[in-house]
Amino acid sequence: MKAASASELKATNFTYKTIGMDKLGRKEPCLYLMNHSSFIDLKIVATILYPRRFNIVMTSDGFVGKRWLMRSLGCIPTNKFVTDTALVRNMTKCFNRLHTSVLLYPEASYSFDGTATPLPYGLGKCLKILGVPVVFIKTEGAFLRDPLYNNLQLRQVNVSATMEYLFSPKQISDMTVDEINAKLAACFTFDNFRTQQEQGVIVDEAFRADGLERVLYKCPHCLAEGTTVGSGTTVVCKNCGASYELTELGYLNALNVQGKFTHVPDWYAWQRQCVREELENGTYSLDVPVKVIIMKGTKAVYDIGNGRLTHGLDGFRLVAADGKLDYRQSAKASYGLYADYNWYELGDIICIGDNDYLYYCFPQGADGVVAKTRLATEELYKMLK
């Protein structure tokens, strides 16, 4: 893995530093927690952790068609945003029987807008159960090099990482779950666009705004949804014509209107507030046609054709296969949503399901619903819990 990662890391002038890592024994297993920005994350850890042995908690769909390879790399499958008690047992086996460390991305998904995604409340409790040292790995530049919305187009940006010894087993034992979660929340607080601006990082690729409508789906001027288009260096509303440039320093520069936002995460946060208001006044709803792929096990995924996905205050409902599939998922089922752009280069998805089946839904003719549905899922869970 380290050898396979060398060429890309060299292209990013990759560097890293360590803080307090002398506290970790040379062969002492630990839990590595890392923020998740792009696929280069795995290449980073393969390099900076060498020659330590470690297992990787990985989304189960990554095993489809290549289970032997993923097992050989030490990957542990899990379903995103689904309660998985077996995962804790598997991690415990790594620490206690195999004497290996474990790498976990607690955000469970890539950031849409370059800021942190919610962490599960149960993470602090999990650390107490595991009882091993915790090391935090934070990257800089990984998001700017390959943001999820930008169609896998790589930018020429330097990438770096910091690896810090965060908790000893005794510290975890002495702290409350709330204290642990507060410390983790502080670690997983970042804004990649703000960092770019403060450090003067130039992203001058002519495609830097391609796909930005996936994140900025609602026009702040005419309030229409699904009418924005990110292309080249601009994002434009097809409904009212409002146009913004994404500058080389990551600012939003209004071209033909009085600007509402100069910062991508601010626009995204405004959309979150709009969704929250819809939920509170009962006007939020999702009802879209979808193409449906089902995963049962990791041998293959199964295309079952067209269906319809709805989402509201009661949660999700998916009807497909001429009514033979009628799946419902409570709004309290998860604090987050497995939503992805250009999933395995097939399309944007909303994924729901449980430990038995996962349903990958590809919205048809409904731009912007992936980000909005993720926001709605997160805000609805907060309201109900």
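Heads up: the structure comes first, above all this text.
The residue numbers shown here count from 1 along each chain, following its written sequence. Local features in a predicted model are, by the rule used here, given only for residues with pLDDT of at least 70; side-chain atom pairs are given and counted only at 80 or more, and totals for whole chains, interfaces and linings are based on all residues. Note: side-chain values were computed over all heavy atoms of the structure, leaving out hydrogens and water.

Draft legend 1. Representation of the side chain of serine 109 in the model. Helix numbers and strand numbers start at the N terminus; a helix is a DSSP run of H or I with at least 4 residues, a strand a run of E with at least 2. Here serine 109 shows up in the loop between β5 (101-104) and α5 (122-130). Within the structure, the side chain of serine 109 is placed 3.5 Å from the side chain of arginine 374, a separation counted as a polar contact. Among all residues touching serine 109, those that are not within four sequence positions of it are His36, Lys80, Phe81, Thr117 and Arg374. Counted as a polar contact is a pair of N or O atoms within 3.5 Å, where, for protein atoms, one must be capable of donating a hydrogen and the other of accepting one, and residues adjacent in sequence contribute only when both atoms are in side chains. A contact between two residues is defined here by any heavy atoms of the two lying within 4.5 Å.

Draft legend 2. Fine view of the sheet that holds strand β8 (residues 228-231). Spatially, four strands are ordered β8-β9-β10-β11 in an open sheet, and the strand pairing comes out antiparallel. Looking along the sheet, the strands with just one partner apiece sit at the ends: β8 and β11 (252-254). Between one strand and the next, the sheet's axes are offset by a mean angle of 25°, whatever the strand orientation. With three bridges connecting them, strand β10 (residues 243-246) and β11 associate as antiparallel partners. Opposite glutamate 245, over in β11, you have asparagine 253 as the bridge partner. Between any two strands, pairing holds if DSSP finds at least two bridges. Where helices are involved, their axes are fitted lines through C-alpha atoms of the stretch in contact, as for all axes, and angles between N-to-C directions lie from 0 to 180°.

Draft legend 3. Layout of the pattern of salt bridges. Whenever Lys or Arg places a side-chain nitrogen within 4 Å of a carboxyl oxygen from Asp or Glu, that contact is recorded as a salt bridge. With the rule as written, the count across this model stands at 16 salt bridges. Its salt-bridge partner being glutamate 8, residue lysine 43 comes within 2.4 Å of it at the nearest N-O pair. Of the two residues, lysine 43 sits in helix α2 (residues 40-48) while glutamate 8 sits in helix α1 (residues 2-11), which places them 35 residues apart along the sequence. Type-normalised accessible area, obtained with a 1.4 Å probe on protein chains alone, sets the label of each residue: buried when under 20%, exposed when over 50%, and partly exposed for intermediate values. Note on glutamate 8: relative accessible area 16%, which makes it buried.

Draft legend 4. Structural view of helix α9 (residues 192-199). Among the residues of α9, Asn192, Phe193, Gln196 and Gln197 are the ones counted as buried. Burial along α9 is one-sided: seen end-on, the buried residues are contained in an arc of 140°. For α9, the N-terminal cap is aspartate 191; the gap from its side-chain oxygen to the backbone nitrogen of phenylalanine 193 is 3.2 Å. Backbone geometry just downstream of α9 places glycine 200 in the positive-phi region, at approximately 70°. Picture the helix axis, draw a direction to every C-beta atom, and the arc is the one those directions span.

Draft legend 5. Structural context of the packing of α5 against helix α8 (residues 177-187). Across the interface, α5 lies against α8 with an axial gap of 8 Å and an inter-helix angle of 110°. Regarding the angle of α5 to α8, the classification is roughly perpendicular. Of the two possible hands of crossing, α5 and α8 adopt the one that is right-handed. Of α8, the residues touching α5 (which contributes Leu123, Gly124, Lys125, Leu127 and Lys128) are Val177, Ile180, Asn181 and Leu184. Every angle not falling under 35 degrees, over 145, or within 65 to 115 is termed oblique; those three ranges are roughly parallel, roughly antiparallel and roughly perpendicular. A clockwise turn of the near helix away from the far one marks a right-handed crossing, whereas an anticlockwise turn of less than a right angle marks a left-handed crossing.

Draft legend 6. Representation of the nonpolar core within the structure. Grouped together as the largest cluster of nonpolar side chains are 51 residues, with contacts concentrated most on Phe112, Val215, Leu309 and Leu318. Here this core takes six residues from helix α11 (residues 369-384), the largest share from any one element. Not counting chain neighbours up to four residues away, the residues in contact with leucine 309 comprise Leu286, Asp287, Val288, Val290, Phe316, Arg317, Leu318, Ile350, Ile352 and Cys361. Membership of the second largest hydrophobic core comes to 27 residues, among which are Phe14, Phe54, Val135 and Ala161. Here, the term nonpolar core denotes a set of buried Ala, Val, Leu, Ile, Met, Phe, Trp, Tyr and Cys residues that are joined through side-chain atoms within 4.5 Å.

Draft legend 7. The sheet that holds strand β12 (residues 286-295), seen in detail. One open sheet accounts for seven strands, arranged β15-β14-β13-β12-β18-β17-β16; its pairing is antiparallel. Where the open sheet ends on each side, the last strands, each with one partner, are β15 (325-330) and β16 (338-340). Neighbouring strand axes in the sheet, compared pairwise and without regard to direction, differ in orientation by 30° on average. Seen against the sheet, α11 touches β12, β13 (301-312), β14 (315-320), β16, β17 (349-353) and β18 (358-363) and runs at an angle of roughly 55° to β13.

Draft legend 8. Fine view of the packing of aromatic side chains. Only the six-membered ring of Trp is used, alongside the rings of Phe and Tyr, when aromatic pairs are assigned; centres must lie within 6.5 Å, and planes under 30 degrees apart are stacked while those over 60 apart are edge-to-face, with the rest tilted. A full pass over the atoms with the stated rule returns 14 aromatic pairs. With a centroid separation of 6.1 Å and an interplanar angle of 20°, the aromatic rings of phenylalanine 14 and tyrosine 16 are classed as stacked. According to the relative accessible area criterion, phenylalanine 14 is buried, its value standing at 15%. A residue is classified by how much of its surface remains accessible, and tyrosine 16, at 41% relative accessible area, is partly exposed. Grouped by ring-pair contacts, the aromatic residues Tyr338, Trp343, Tyr344, Tyr360 and Phe362 constitute a single cluster. Counting as a charge over the ring demands two things of the Lys NZ or Arg CZ atom: a distance within 6 Å of the ring centre and an angle within 35 degrees of the ring normal. Over the ring of tyrosine 357 we find lysine 296, and its NZ or CZ is 4.9 Å from the ring centre. Across from the ring centre of phenylalanine 112, 3.7 Å away, lies the NZ or CZ of arginine 374, which sits over that ring.

Any functional reading would require information that these geometric values do not contain.
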